[in-house]
Amino acid sequence: MIPDDAKPELSVAWHRALASVTWDRVRRSAASPATGAIGALVLMGIAWSFATPYFLDPGNLLDVSRQMTTLALMAIGVTFVLLGGQIDLSVGSTYGLVSVVFALLLSQGYGLAVAIVGALVVAAVVGLMNGLLAAYLRLPSFIVTLGSLEAVRGITLQLTDGAPINLFNNTTAGFATFADLGQARLFGLFPSQFVVLIVVLLITGLLLSFTRYGLRLYAVGANSRAAALAGIKVARIQTIAFMVSGLLAGLAALLGVAFIPAVTPTAGSGLELNVFAAAVLGGVSLFGGQGSVLGAVVGAALLAVLGNGLVILGVSSFAQTTATGVVIIAAIAVNVLITRRRNQSS
Amino acid sequence: MRRSMLSTRSVAGVGRIGATLMAAALLAVACGSSSTGSNSNVNTAGAPFKAQFGWGPFQLNAATAQKVKSGQSDFHFTMVGFATSASFYSAIRLGIADADKKFGVKTDLVGPTGFTTADEVSAFETAMQTPTDGILVQCPDAFTMVPLINQAAAKGIPVMTFNTDCPTADRFAWVGLSNVTAGAVAGTTFLQYFRQTHPASQGPYQVAMMSGAPSAPFAVDRFNGFQSALASEKDINLIGPFTVNFDPSQGYNDVQNVFRGHPNLAGGFNADETLLSFGTYLDRNGLASKVTAVGFNLSAGIPELISKKTVTAAIGQYPYDQAYKPIQMLHDFLTAGSLPPCSACDVGSRVITVDNVAQFLNSPAAKQEG
């Protein structure tokens, strides 16, 4: 029993403790790398809005929301892999292969459903192969996925003989609707691709935050040996992450074909670099166990806004390349500093 | 040039030597109108074993010479290129396949799928070290491949350049397209159509230059040609170059951003197949009648946009011929001792508009354009 006269003191202590916990939470979230990326995004938005009247145009902002979708979806996928302590360099090639498989299946008379499922199965298989080699056989994922980046691109080029595939006049039942959906806007405003991104963000965010799989993925990435000792099947968790990465690259590819029904076998070349930049800008650690899908999406938004503003301002494409590199380095440096400070304080 | 190739095909059934001589004669006639240099300073005495070029003497390597002496004609050539995954190369592959079949030779296409010059240099070095009866190389610029081509020539390997030239190298001939000239053709075509809706009195106008690889030599040359054609038009302000991704859906985003920053854009010039993204943007935003669009290549979707009058014109560059003809020239040299009829054989460019696009809609002609 607590004496009555002690209650006020306890109450004060309790409130102090509660305030301290709450303040600690605020401080922690303010110090999280994702928040840094959000801050950078806001700052960049403010800078662009002063620099050009076109940036804050609602139409432009909605366009940017669509433009970032491909990068954001793939960054979410790569976030899964990074959280699990691995790396996936093959996403750009997977994007290209899925586009081509989908287009070839349609061109050869298979139905839309077969083409979609077939393309996504291919995406999952690429992820599965990466997972089997990197997680089960414990080959370095950097090397494995660097190899699959080349191999998958090679398969894509062989399948097409380097030629683009035209689906503009494809008459497969349902394809016109599929393409219409790819170009549609919800309530006449929000691009369908952005809506898909939000849905994927919600699902993956919930998956990582509130399921056993999410908890285990973070645990594996933070310390795979400890996770294994705790009974977590590390290889399975990581392989699933690779498959998620492949599937989301595949989904991004399908949305791309739905938007413009023409496929080039080089589609997605070099995209992996931007995908990684987006994830890391959003605070996802390259060493596993830290980060969030929201951060990855913010990182993608940051890159999309950066590119959008530079083009609107008429900066030459050569100077844009330099500016993009400098901003990526600066933003990542800030994130690393924030992370170090957080680790020191905790 | 086109006519000469078709004529060459029509002589099937005639003896190989006769056919190749006839083809060489036809090529000589055709090249007269489009080539920028003749091979009149060469001495064919002793060819194919020996020949005298403007750059010096050439002596065929022993292995190939032995093949020629024994009457073999199943020569093995190596074609070294860059960006071999570009849509342009699908027509190149078609040209290789047809030439190989026609002349009974085997041509391997090697080289990086991207624009990595170092990888192309490695591919050329490898080709030189392996048994080959001739090398065809696409020069990434005027200088990089020169020492390697000279080494190959010194080893007795005949070298042709295709698509883009390095004119100071010890090569037999170049078959390709002058990108500066082609860019100028694009500029002239652009002006012709642009002025119908944009009189000089109502300017100034903004015209954007775009490419998937704006720093690549082919794009720089085409931009330069385009600019030169518009140099005297004081009311036209050229902006860019802007990077437009080769992937159509990603490229659309880039075009969208260009229009956000320049909403009154009156025209666009794409130095490559990114014309598809530009045209699609015009199509979806009802800008076809306001914006003049001219660019290069006829890859997927572009002929359809031309037929809808969304894209004004595309410049074709005969990529099929750029592969077929140099293989034919190498074959003719080794089998008949005939040297290329021109030292710089420009295949020229053709302008495809709504008036002549029908032949490129889902037809073999479209495949030959890449």
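Residues numbered from 1 in each chain as written. Chains lettered and ligands numbered in written order. Predicted model: local features only at pLDDT ≥ 70, side-chain atom pairs only at ≥ 80, totals over all residues. Heavy atoms only, no water.

1. Examining a positive patch on the surface
Where like charges cluster on the molecular surface, the positive patch consists of A:Arg212, A:Arg216, A:Lys233 and A:Arg236. Inspection of the secondary structure assignment puts A:Arg236 in helix H12 (residues 234-259). (Patch = residues over 30% accessible without salt bridge, like charges linked within 9 Å, V, L, I, M, F, W, Y side chains within 5 Å. Areas by Shrake-Rupley, 256 points an atom, 1.4 Å probe, with all protein chains shown as cover. Salt bridge = Lys/Arg side-chain N within 4 Å of Asp/Glu carboxyl O. Lys, Arg positive; Asp, Glu negative; His and termini not counted. Charge placed at Lys NZ, Arg CZ, Asp CG, Glu CD. Helix = DSSP H or I, 4+ residues; strand = E, 2+ residues; numbered from the N terminus.)

2. Looking at the pairing of strand S12 (residues 292-296) of chain B
Residues and elements named next belong to chain B. The buried count for S12 comes to 5 of 5 residues, which makes it a mostly enclosed element. Because side chains alternate across S12, one face comprises the buried residues Thr292, Val294 and Phe296, and the other comprises Ala293 and Gly295, equally buried. One ladder, built from 3 bridges, connects S12 with strand S13 (residues 313-316); its direction is parallel. Looking at S13, one finds that valine 294 is bridged to alanine 313. Crossover S12 to S13 through helix H11 (residues 302-307) is right-handed. (Buried < 20%, exposed > 50% of the residue type's maximum accessible area, 1.4 Å probe, protein only. Pairing = 2+ DSSP bridges. Right-handed = clockwise from strand over helix to strand, strands pointing away.)

3. Points about the nonpolar core
All names here are of chain A. Core analysis: the biggest nonpolar cluster contains 86 residues, and Met74, Ile76, Phe80, Phe102, Leu217 and Val275 have the highest contact counts within it. Ranked by residues supplied to this core, first place goes to H12 with 13 residues. Those residues in contact with methionine 74, other than ones at most four positions away along the chain, are Val91, Gly92, Tyr95, Leu248, Ala249, Ala252, Leu271 and Val275. (Core = buried A, V, L, I, M, F, W, Y, C linked by side-chain atoms within 4.5 Å. Contact = heavy atoms within 4.5 Å.)

4. Considering the packing of aromatic side chains
Residues and elements named next belong to chain B. For the coordinates displayed, the defined rule picks out 22 aromatic pairs over all chains. Considering the side-chain rings of phenylalanine 53 and tryptophan 55, the 4.8 Å spacing of their centres and the 5 degrees angle between planes classify their relative orientation as stacked. You can call phenylalanine 53 buried: its relative accessible area is 4%. Seen from their ring centres, phenylalanine 53 and phenylalanine 172 are 4.6 Å apart, and the 40 degrees between their planes marks the pair as tilted. Here phenylalanine 53, found in strand S2 (residues 50-53), pairs with phenylalanine 172, found in the loop between strand S7 (159-163) and strand S8 (174-176); they are 119 residues apart in sequence, far enough to count as distant. (Phe/Tyr/Trp six-rings, centres within 6.5 Å; stacked < 30°, edge-to-face > 60°.)

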